[in-house]
Amino acid sequence: MSPTQSSHEIPEPTAEDLERIGRLLRQVGGRDVVWGAQQKLDVWTIEQRAKLDQHMNERLRLASWVLVAATIGLVVCTAGLIWATLAAA
């Protein structure tokens, strides 16, 4: 990400990205099919969306485990409070 680019902006496709996508589309359609810029942009956009989905899934997984740990901590604290209440009575 460039210093002037906000974290909410999608980066532009690089020349390497376009070459790789061009090779992929040639494999799909063969040498005789000509793919335009729109098809290349569509494939690149799908790739970016897949990367974003993977990143979001990882963040959700981590947040879920943090919630599990917090819940276990609350259960232990509650059990300790119940034990302390019963021991004092």
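Preceding block: the structure.
These lines cover the structure that appears in this document, whether it is placed above or below. (Residues numbered from 1 in each chain as written. Predicted model: local features only at pLDDT ≥ 70, side-chain atom pairs only at ≥ 80, totals over all residues. Heavy atoms only, no water.)

### Thoughts on the overall build of the protein
Of the regular secondary structure elements, the protein holds two helices and zero strands. By the compact-globule yardstick of 12 Å for 89 residues, the protein is too spread out, its C-alpha radius of gyration being 25 Å. Its C-alpha atoms give the protein principal-axis dimensions of about 85 × 35 × 15 Å. Only carbon and sulfur atoms are counted for the fraction: they give 65% of the accessible area of the protein, which is about 7800 Å². With 9 positive and 10 negative side-chain charges, the protein shows a spacing of 5 Å between the two charge centroids. (Helix = DSSP H or I, 4+ residues; strand = E, 2+ residues; numbered from the N terminus. Rg over C-alpha atoms; globule rule 2.2 N^0.38 Å. Areas by Shrake-Rupley, 256 points an atom, 1.4 Å probe, with all protein chains shown as cover. Lys, Arg positive; Asp, Glu negative; His and termini not counted. Charge placed at Lys NZ, Arg CZ, Asp CG, Glu CD.)

### Notes on the pattern of salt bridges
Considering all chains together, one arrives at four salt bridges under this definition. A salt bridge links glutamate 58 to arginine 61, with the nearest nitrogen and oxygen atoms 2.6 Å apart. Here the residue glutamate 58 and the residue arginine 61 both occupy positions in helix α2 (residues 37–88), the gap between them amounting to three residues, near one helical turn. Using a relative accessible area of 43% as the deciding quantity, one classes arginine 61 as partly exposed. A cluster of three or more residues bridged by salt bridges with shared partners is formed by Asp17, Arg20 and Glu47. (Salt bridge = Lys/Arg side-chain N within 4 Å of Asp/Glu carboxyl O. Buried < 20%, exposed > 50% of the residue type's maximum accessible area, 1.4 Å probe, protein only.)

### Some details on the side chain of glutamine 48
The residue glutamine 48 is located in helix α2 in this model. Look past the residues within four positions of glutamine 48 in its chain and what remains in contact with it is Ile10 and Pro11. (Contact = heavy atoms within 4.5 Å.)

### Description of the packing of helix α1 (residues 15–29) against α2
Put simply, α1 and α2 touch, their axes get as near as 10 Å, and they point 105 degrees apart. With respect to α2, the axis of α1 lies roughly perpendicular. Mapping the contact onto sequence places Asp17, Arg20, Ile21, Gly22, Leu24 and Leu25 in α1 and Gln39, Lys40, Val43, Trp44 and Glu47 in α2. Taken together, the residues of the contact of α1 with α2 break down into five nonpolar, two polar and four charged. (Axes fitted to C-alpha atoms, helices over the stretch in contact; angles between N-to-C directions. Parallel < 35°, antiparallel > 145°, perpendicular 65-115°, else oblique. Nonpolar A, V, L, I, M, F, W, Y, C, P; charged D, E, K, R; others polar.)

### A few points about the side chain of aspartate 17
Checked against the element boundaries, aspartate 17 lands in helix α1. A polar contact is formed between the side chain of aspartate 17 and the side chain of tryptophan 44, at a distance of 3.3 Å. (Polar contact = N/O pair within 3.5 Å; in protein donor to acceptor, adjacent residues only side chain to side chain.)

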